[in-house]
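Observations on the model geometry
Here is how the chains run, residue by residue.
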Amino acid sequence: TRLVSDWSSDVCSSDLSNPDVRYPEAVSGDSAASAGFLNGDGSEIDDMVGRALRLAGSAGESGRPLLREWITPGKRVFVLPNLVMNRRIDRGETIQRFLAKCTNGSIVKPLLAHVVEAAGDSRLVILGSAPLQSCDYAAVAREAGFTISPSEDLSALPAGIQPMDLRGVTTVWSKYGSLLERHSRDVPTVEVDLGPLSFLDELYLRNTSVDFRVADYAPSETMSFHSKGRHIYTIHRDVLESDVIISVPKLKTHEKVGITCALKGTIGTVTRKECLAHYRHDNRHSRGDEYPPGNPFRALASEISDRSSAAPQTRFGNATRIIGKSAFRLARIGQHGIMGGAWAGNDTAWRMALDVARILRFARPDGSIADTPQRSHLVLVDGIVAGEGEGPLKPSPVLAGTVIFSDDAVAADVTCAQLMGYEPDRIPLLSFAMNRSIDLPLRSWTSCSVQWDEKIFSGVGAIPSVLARPFRPPKGWTGTIERSTKAAENG
C-alpha cells in the first residue's frame, strides 16, 4: 500500500482487512498488555510495521535499513507517542478503552528497532511525550507496554530506550476535583513566539478582546502567553534539537478538533500546557466558542468553572474548584451537553494545533523561525485498536486493524480521516493544513495516489472507510464531518 506524489510523500496502510489482530502480551503486572484481551508473541504487529515501511518505498537495495531514506547515520531522532492519561481503573476504564486512547508499545517497539538501525546509535534516539498534567507517567508507560517495572529501571523497548516525561508541571487531583499537589519540574524548554504568524492572531482582527482558555488552568496563566502579535509556545529542547521527528499517534476522534492523529498530537512536545489555547471563554454575543449558544445554564457553568480555575490551593479554594467542576459536568450531561470547546464550532483549538505542528517543522533549536523546514516529520499511526466517540480521553474502542505510515503529517491525517469515514474538508484542522499558500505551510505534496489493500485510489482523500460505517464522532461533531455511506463506499 503506497501513497506517492512528486514530493515523495508516502502513506502506507497494512492489514486493514484484518480486524482480529491483537496486541501481543508484552509486559507483566497490572497493564494493558498483560490482560486476557491480548495474546500472541508480537510477530504480527512487527510484520505490519515492517510491511508498512517497505510498501512506502523506504527500503532500497537489499540489506538497507528500512528508514534510511529519511534517517542517515548520526541523525538525531525524536519519537513522539500519544500517551494521554493512565488507565483509570477506579472509574471503570476497561483495557479496550485504554488501548483506544494511548499508543501501544507493541507498535513502538519494532519502529524503534528500525530507527536505531538507521541512526546507527541508540543514544541518538529519544522517546518522549507530555501527557495531561494529572497523568501518572510511570503508570501510563507501564500500562502501554513501554516499561516492565514500576520503578522504570527495566525497559520493554529496544536498546534499553526509556520513555521521557516532557512536562514542566504535574498535578494530583482528588476524584471530587480538589487540587492536592502541584509540582514544577526542571525540563529543558525553548520558548517559541510565532507572533503574527500564529493562526490565533487572526482572531484579534474580529474582536479586540480575546479570552483564551485551557480547562483547569488559571485564565491569567494562559493569557500570559498570548496577545495580539505575540503567541508563545514552550517546546521541549530535545524536540527542536532533533533532525527527524516520528509521531506515533492513535487513530481516534477528538472532541475539540474532530480527529487527533499526527497534527493534533504534536502538542505532546509542549512542556507547559497552559500555553495551549483550547477555546475562547463564553459564547454570549459571539464573544467566544466555548459552547453552542442558546442555553443560559452553559453561560452560568462557564463563569463558575472559569472563576474556580484560578482559586488558590487552599481548603476554600478546593471547595470552589469542586463547585466549578460539578457545574461543568452538569452542563455536559446528555447528547447536547457541550462545554469546554468540545464541538464543531470551536474555532480556536485547530489554530493552536497547527501552530505547534508548524513550529516542529520550521523552528530552529534556539526558537527562531526559519523560512524552510528544519527537520523531517514522519508518522506511524497506531490504528490496530482505534478510538471513536468521545475522544481523546474517553473514546470507545474500534478494532480497525491498521497501521499507516507517512513522511507527510498532513497526508497522513487526511488519509486517516478518510479511513474513519470523514470528509477532510469539513474538518478545519485538515482543510487549513492542506492549504499550501499559508505561512509556514505543512503540506509538501501536490498530487498523489493511494495504494491501499491491493487497490490504487486517485488522490489523498479517495480511499474508503476502514469500517462499513463512519467512526462515531464526538457528540459535538455529530452530523458535521461524516461522509455519506455512498461516498464512503465509492471513495
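Residues numbered from 1 in each chain as written. Predicted model: local features only at pLDDT ≥ 70, side-chain atom pairs only at ≥ 80, totals over all residues. Heavy atoms only, no water.

1. Topic: the overall build of the protein
Helices and strands together make up the secondary structure of the protein, namely 13 helices and 19 strands. Counting all 491 residues of the protein, 60% fall into the buried class. Expressed as a percentage of contacts within the protein between residues at least 6 apart in sequence, the contacts between residues at least 24 apart total 71%. Carbon and sulfur atoms provide 50% of the accessible area of the protein, an area that totals close to 18,500 Å². (Helix = DSSP H or I, 4+ residues; strand = E, 2+ residues; numbered from the N terminus. Buried < 20%, exposed > 50% of the residue type's maximum accessible area, 1.4 Å probe, protein only. Contact = heavy atoms within 4.5 Å. Areas by Shrake-Rupley, 256 points an atom, 1.4 Å probe, with all protein chains shown as cover.)

2. Details of helix H11 (residues 409-419)
Across the eleven residues of H11, eleven count as buried, placing the element largely inside the fold. Those residues of H11 that sit buried are Ala409, Val410, Ala411, Ala412, Asp413, Val414, Thr415, Cys416, Ala417, Gln418 and Leu419. The N-cap of H11, judged by a side-chain oxygen 2.9 Å from the amide nitrogen of Val410 a few residues on, is Asp408. Phi for Gly421, located one or two positions after H11, is positive at around 85°. (Polar contact = N/O pair within 3.5 Å; in protein donor to acceptor, adjacent residues only side chain to side chain.)

3. Regarding unusual backbone geometry
Cis geometry marks the peptide bond from Gly391 to Pro392; its omega dihedral reads 10°. Its place among the elements puts Pro392 in the loop between strand E16 (376-390) and strand E17 (394-406). Phi angles above zero are rare outside glycine, and Asp282 is one such case at about 75°.

4. Focus: the sheet that holds strand E8 (residues 189-193)
The three strands are arranged E8-E11-E10 in an open sheet whose pairing can be described as antiparallel. The sheet is open, and its two borders are formed by E8 and strand E10 (226-227), each paired with just one other strand. One ladder, built from two bridges, connects E10 with strand E11 (residues 230-236); its direction is antiparallel. Pairing of His226 across the sheet is with His231, part of E11. In the packing of helix H10 (residues 349-362) onto the sheet, the strands contacted are E8 and E11, and the crossing angle to E11 comes to about 60°. (Pairing = 2+ DSSP bridges. Axes fitted to C-alpha atoms, helices over the stretch in contact; angles between N-to-C directions.)

5. Some thoughts on the confidence of the model for the protein
The pLDDT averaged across the protein works out to 85; a share of 84% of its residues lies at or above 70. Segment residues 1-40 is flagged for pLDDT under 50; beyond a separation of four residues in sequence, or across chains, it makes 151 contacts in the model. (pLDDT = per-residue confidence, 0-100.)

6. Quick notes on the side chain of Thr415
Its place among the elements puts Thr415 in helix H11. Within the structure, the side chain of Thr415 is placed 2.8 Å from the backbone oxygen of Ala411, a separation counted as a polar contact.

7. Quick notes on the state of the cysteines
With the rule as written, the count across this model stands at zero disulfides. Residue Cys102 stays outside any disulfide, its sulfur separated by 7.1 Å from that of Cys135, the closest cysteine. Cys416 supplies the cysteine sulfur nearest to Cys261, a cysteine that is in no disulfide, at a spacing of 3.8 Å. Exposure remark for Cys261: the relative accessible area of 1% places this residue in the buried category. (Disulfide = S-S within 2.5 Å.)

8. Brief notes about the pattern of salt bridges
Inspection of the entire model under this criterion finds 20 salt bridges. The salt bridge partner of Arg167 is Asp165, with a shortest N-O separation of 2.8 Å. Residues Lys325 and Asp216 are paired through a salt bridge, measuring 2.7 Å at the closest nitrogen-oxygen approach. Here Lys325, found in helix H9 (residues 315-331), pairs with Asp216, found in the loop between strand E9 (212-213) and helix H5 (219-223); they are 109 residues apart in sequence, far enough to count as distant. Taking relative accessible area as the criterion, Lys325 reaches 18% and is therefore assigned buried. Salt bridges here are not isolated pairs; linked through shared partners, they connect Glu202, Arg206, Asp347 and Arg351. (Salt bridge = Lys/Arg side-chain N within 4 Å of Asp/Glu carboxyl O.)

9. A few points about the pairing of strand E3 (residues 77-81)
In terms of burial, E3 is a largely internal element, five of the five residues being buried. Where burial is concerned, the two faces of E3 agree: the one with Val77, Val79 and Pro81 and the one with Phe78 and Leu80 are both buried. Relative to strand E4 (residues 125-129), E3 runs parallel, the two sharing three bridges. When the sheet's bridge partners are listed, Val77 is paired in E4 with Val125. Looking at chain direction, E3 and strand E12 (residues 244-248) are connected through five bridges and run parallel. In the strand pairing of E12, Val79 is matched with Ile246.

10. Points about the nonpolar core
In this structure, Leu67, Ile71, Val79, Ile246 and Phe405 are the most contacted members of the largest nonpolar core, which totals 43 residues. Counting residues per element, the ones that place at least two in this core are helix H1 (43-55), E3, helix H3 (105-119), E4, helix H4 (137-143), E12, E16 and E17. In terms of residues, this core owes the most to one element, H3, which gives eight residues. In contact with Ile71, other than residues within four places in its own chain, are Val77, Val115, Ala118, Ala119, Val244 and Ile246. If you look at the next biggest cluster of nonpolar residues, it comprises 42 residues, including Ala411, Ile427, Ile438 and Trp445. (Core = buried A, V, L, I, M, F, W, Y, C linked by side-chain atoms within 4.5 Å.)

11. Here's the deal with the pairing of strand E7 (residues 179-184)
Two elements, strand E6 (residues 169-173) and E7, share five bridges in a ladder whose sense is antiparallel. Following the sheet pairing, Thr170 is matched in E7 by His183. The turn linking E6 back onto E7 is made up of five residues, and Gly177 within it adopts a positive phi angle of 110°.

12. A look at the packing of aromatic side chains
Following the criterion strictly, the structure yields five aromatic pairs and no others. Consider the rings of Tyr204 and Phe212, whose centres lie 6.3 Å apart with planes at 70°: the pair is edge-to-face. The residues Tyr204 and Phe212 share a single accessibility class, namely buried. Through pairs of rings, three or more aromatic residues link up here, namely Phe199, Trp350 and Phe432. (Phe/Tyr/Trp six-rings, centres within 6.5 Å; stacked < 30°, edge-to-face > 60°.)

13. What about the packing of helix H8 (residues 296-308) against H9?
Packed helices, taken two at a time, are described by their axes: the angle between them and the distance between them. Orientation of H8 relative to H9, taken along the N-to-C sense of each, is 150°, at an axis distance of 8 Å. By the angle between their directions, the pair H8 and H9 is classed as roughly antiparallel. As for how H8 packs across H9, the hand of that crossing is left-handed. Where H8 abuts H9, its residues Phe297, Ala301, Ile304, Ser305 and Ser308 lie against Thr320, Arg321, Ile323, Gly324, Ala327, Phe328, Leu330 and Ala331. (Parallel < 35°, antiparallel > 145°, perpendicular 65-115°, else oblique. Left-handed = near helix turned anticlockwise from the far one by under 90°.)

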